Amino acid sequence: MPHAFHVLVKPAGAVCNLACRYCYFLSKADLYPGSRFRMPDGVLETYVRQLLEAQAGREVFVAWQGGEPTLMGLSFFRRSIELVEQHRKAGTDVRYTIQTNGVLLDDEWCEFFREHRFLVGLSLDGPRALHDVYRVDKHGRGTFDAVVHAARLLQHHRVDVNILACVHAASGDHPIDVYRFLRDEVGARFIQFIPIVERAAAGEAHNGEAATAWSVRPAQWAGFLTAIFDEWVRRDVGVVFVQQFDAALASWTGVSPGVCVLMETCGDAVALEHNGDLYCCDHFVDREYLLGNILQTPMPQLVASDRLRAFGDAKRDALPQYCRQCRVRFACRGECPKNRFVKTPDGEPGLNYLCEGYKAFFAHVGRPMRMMADLLRHDRAPAEIMWRLRREDEELRAAVRTAGRNQPCPCGSGRKVKQCHGR
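Residues numbered from 1 in each chain as written. Predicted model: local features only at pLDDT ≥ 70, side-chain atom pairs only at ≥ 80, totals over all residues. Heavy atoms only, no water.

A. Representation of the packing of helix 8 (residues 243-252) against helix 13 (residues 355-377) in the model. Between helix 8 and helix 13, the least distance of the axes is 9 Å, while the angle of their chain directions is 65 degrees. Classified by the interaxial angle, the pair formed by helix 8 and helix 13 is roughly perpendicular. Regarding helix 8 and helix 13, the two cross each other, and that crossing is right-handed. Where helix 8 abuts helix 13, its residues Phe245, Ala248, Leu249 and Trp252 lie against Phe361, Phe362, Val365, Gly366, Met369, Arg370, Met372, Ala373 and Leu376. (Axes fitted to C-alpha atoms, helices over the stretch in contact; angles between N-to-C directions. Helix = DSSP H or I, 4+ residues; strand = E, 2+ residues; numbered from the N terminus. Parallel < 35°, antiparallel > 145°, perpendicular 65-115°, else oblique. Left-handed = near helix turned anticlockwise from the far one by under 90°. Contact = heavy atoms within 4.5 Å.)

Here it is, written out as structure tokens:
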């Protein structure tokens, strides 16, 4: 039995009030034909009781996801709080999280979130022109105004918010526009960038690639993260927290990145459907990954099963040789198994679709990550890197100004000044 495990609960199943064109989960409704997609009170009570009884740590997370969980209404979540209070052990600190598109949020929802210290993951892909490409309602209309309104309401009520920004083919070429919008106009201080990657079905391949047309390309993903990192590391360290950068720094310091896709194995984050069915992972809600139903088999027993352990260990054990020899494997670890559907240069299957993007990004951030890791080892704040890099930038600009256009660039790239920083 793991010391702690995480459960993503889907009380409304795959049902959603939006029709985001890149959503992989809407089709999961086909697993339950004829269902009303509403978690009954008996399943809710069983989940809460089993979760609180099983967790060994003092801190327990109750995490709601979808589809769109707010479709259950506030009464459902008030009932969940009652059940937590009924079954919570003395000294246990229960933390609540919810992932939402924000469309249904109003003052009453926000007051509830604030009262019970919810961390709200709000989906917002960037400025209107980028957000509304794929995040649309059932009538094909953009949802930008409704989501920004939700962000303002949450801020007004002082609710903790984590912005979840999906990065897709349309937004992948506009990293700075996305980052500055979220940072400066929305006021986001915690941001998670989620790469949209979907394997193309027959006839859906884009330019001969294995991914759909709306999936972010590996080079786009690298350029997106790199451009934002270069701005963040010079002005926002310790002020804006980007999950990918925090996870990378953890890997460079030798501790767990805390993000499942960048950990060596899976299996400690399961998904619970509205009827009590428990699956190996949120990205593997399919019959072959069904562990059982918590009404028939206690959740702790399912989480401790050999089947789930084998699923989790396969992430590490199935890595291609190409990955095992990679210099940045310690930071990437093959990323999410759902994205491993391309072949290595020598033809071995199981390579992550975003591999080249991650390799480029981790290679780019290596030096500043080592600098920040060194600061931490000396009990100093990673934010000190900002003035160090700004000083280096000033020295480089001064050297470029005095160098001839045809001389080697002072940055050490090996290119001429006019082809490098002289531009």
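B. Here's a closer look at the nonpolar core. Counting 103 residues, the largest nonpolar core has Tyr47, Trp64, Phe113, Leu182, Phe193, Trp232 and Phe362 as its most contacted members. In terms of residues, this core owes the most to one element, helix 13, which gives 9 residues. Setting aside its immediate chain neighbours within four residues, tryptophan 64 contacts Val9, Pro11, Leu44, Tyr47, Pro69, Phe76, Phe77, Ser80, Thr97, Ile98, Gln99 and Phe118. Ala14, Ala271, Val285 and Leu290 belong to the second-largest nonpolar core, a separate cluster that totals 8 residues. (Core = buried A, V, L, I, M, F, W, Y, C linked by side-chain atoms within 4.5 Å. Buried < 20%, exposed > 50% of the residue type's maximum accessible area, 1.4 Å probe, protein only.)

C. Region of interest: the environment of alanine 381. For alanine 381, the location among the structural elements is in the loop between helix 13 and helix 14 (385-402). Take alanine 381: its relative accessible area is 41%, and that puts it in the partly exposed class. Spatially, the C-alpha atom of alanine 381 lies 33 Å from that of valine 7, the residues being 374 residues apart in sequence.

D. Spatial organisation of the side chain of glutamate 231. Note that glutamate 231 resides in helix 7 (residues 218-235). Owing to a relative accessible area of 13%, glutamate 231 belongs among the buried residues under this scheme. Here arginine 183 takes part through its side chain, which lies 2.9 Å from a polar atom of the side chain of glutamate 231. For glutamate 231, the contacting residues outside a window of four places in its chain are Ile176, Tyr179, Arg180, Arg183 and Asp236. (Polar contact = N/O pair within 3.5 Å; in protein donor to acceptor, adjacent residues only side chain to side chain.)

E. Spotlight on the pattern of salt bridges. Under the definition given, this model contains 24 salt bridges. With its nearest N and O atoms 2.8 Å apart, the salt bridge here joins aspartate 41 to arginine 79. Here arginine 79 lies in helix 2 (residues 74-87) and aspartate 41 lies in helix 1 (residues 41-54), a separation of 38 residues in the sequence. Owing to a relative accessible area of 38%, aspartate 41 belongs among the partly exposed residues under this scheme. Since its relative accessible area comes to 28%, arginine 79 is described here as partly exposed. Arginine 316 is paired through a salt bridge with aspartate 313; the nearest N and O atoms lie 3.9 Å apart. Here the residue arginine 316 and the residue aspartate 313 both occupy positions in helix 10 (residues 306-317), the gap between them amounting to 3 residues, near one helical turn. Judged by relative accessible area, arginine 316 falls into the partly exposed class, the value being 26%. With relative accessibility at 29%, the residue aspartate 313 sits in the partly exposed group. (Salt bridge = Lys/Arg side-chain N within 4 Å of Asp/Glu carboxyl O.)

F. View of the sheet that holds strand 6 (residues 190-195). One open sheet holds the 10 strands; their spatial order is 7-6-5-4-3-2-1-8-9-10, and the pairing between them is mixed. Only two strands of the sheet have a single neighbouring strand rather than two, namely strand 7 (241-242) and strand 10 (290-293). (Pairing = 2+ DSSP bridges.)

G. Focus on helix 5 (residues 144-156). Its 13 residues place the ends of helix 5 18 Å apart at the C-alpha level, agreeing with the 18 Å of an ideal helix rising 1.5 Å per residue. Elements in contact with the buried residues of helix 5: helix 3 (107-115), strand 4 (118-123), helix 4 (128-131), strand 5 (160-167) and helix 6 (175-185). Positive phi shows up at arginine 158, right after helix 5, with a value of about 60 degrees. (Expected span 1.5 Å × (residues − 1).)

H. Representation of the environment of isoleucine 176 within the structure. By the secondary structure assignment, isoleucine 176 is in helix 6. C-alpha separation for the pair isoleucine 176 and phenylalanine 229, spaced 53 residues apart in sequence, amounts to 9.8 Å. With residues near it in sequence (within four places) discarded, isoleucine 176 still touches Ala227, Ile228 and Glu231.

I. Spatial organisation of a nonpolar patch on the surface. On the surface, a nonpolar cluster with roughly 240 Å² of combined accessible area is contributed by Val15, Leu71, Val103 and Leu104. If you trace the backbone, leucine 71 turns up in the loop between strand 2 (59-64) and helix 2. (Patch = residues over 30% accessible without salt bridge, like charges linked within 9 Å, V, L, I, M, F, W, Y side chains within 5 Å. Areas by Shrake-Rupley, 256 points an atom, 1.4 Å probe, with all protein chains shown as cover.)

J. Region of the structure containing the packing of helix 1 against helix 2. Running from N to C, helix 1 and helix 2 point in directions that differ by 40 degrees, and their axes come no closer than 9 Å. Between helix 1 and helix 2, the angle is such that the two are oblique. When the axes of helix 1 and helix 2 are compared, the crossing they make is right-handed. Along its contact with helix 1, which presents Asp41, Leu44, Glu45, Val48, Arg49 and Leu52, the element helix 2 presents Phe76, Arg79, Ser80, Leu83, Val84 and His87. Residue composition of the contact of helix 1 with helix 2, by class: 6 nonpolar, 2 polar and 4 charged. (Nonpolar A, V, L, I, M, F, W, Y, C, P; charged D, E, K, R; others polar.)

K. Highlighting the pairing of strand 8 (residues 269-272). Where strand 1 (residues 6-9) and strand 8 come together, 4 bridges link them in parallel fashion. The residue of strand 8 that forms the bridge with leucine 8 is alanine 271. The sheet contact formed by strand 8 and strand 9 (residues 277-279) spans 2 bridges and is antiparallel. Residue pairing across strands places alanine 271 opposite tyrosine 279, the latter belonging to strand 9. As consecutive antiparallel partners, strand 8 and strand 9 are separated by 4 residues, and within that stretch glycine 276 has a phi angle of approximately 100 degrees, a positive value.

L. Local environment of unusual backbone geometry. A cis amide bond links glycine 66 with the next residue in sequence, glycine 67, at an omega value of 10 degrees. Note that glycine 67 resides in the loop between strand 2 and helix 2. At glutamate 335, a position not held by glycine, the phi torsion is positive, near 50 degrees. Position of glutamate 335 among the secondary structure elements: in the loop between helix 12 (329-332) and strand 11 (342-343). Of note in this structure, aspartate 379 is not a glycine but carries a positive phi near 60 degrees. Structurally, aspartate 379 is set in the loop between helix 13 and helix 14. Using a relative accessible area of 74% as the deciding quantity, one classes aspartate 379 as exposed.

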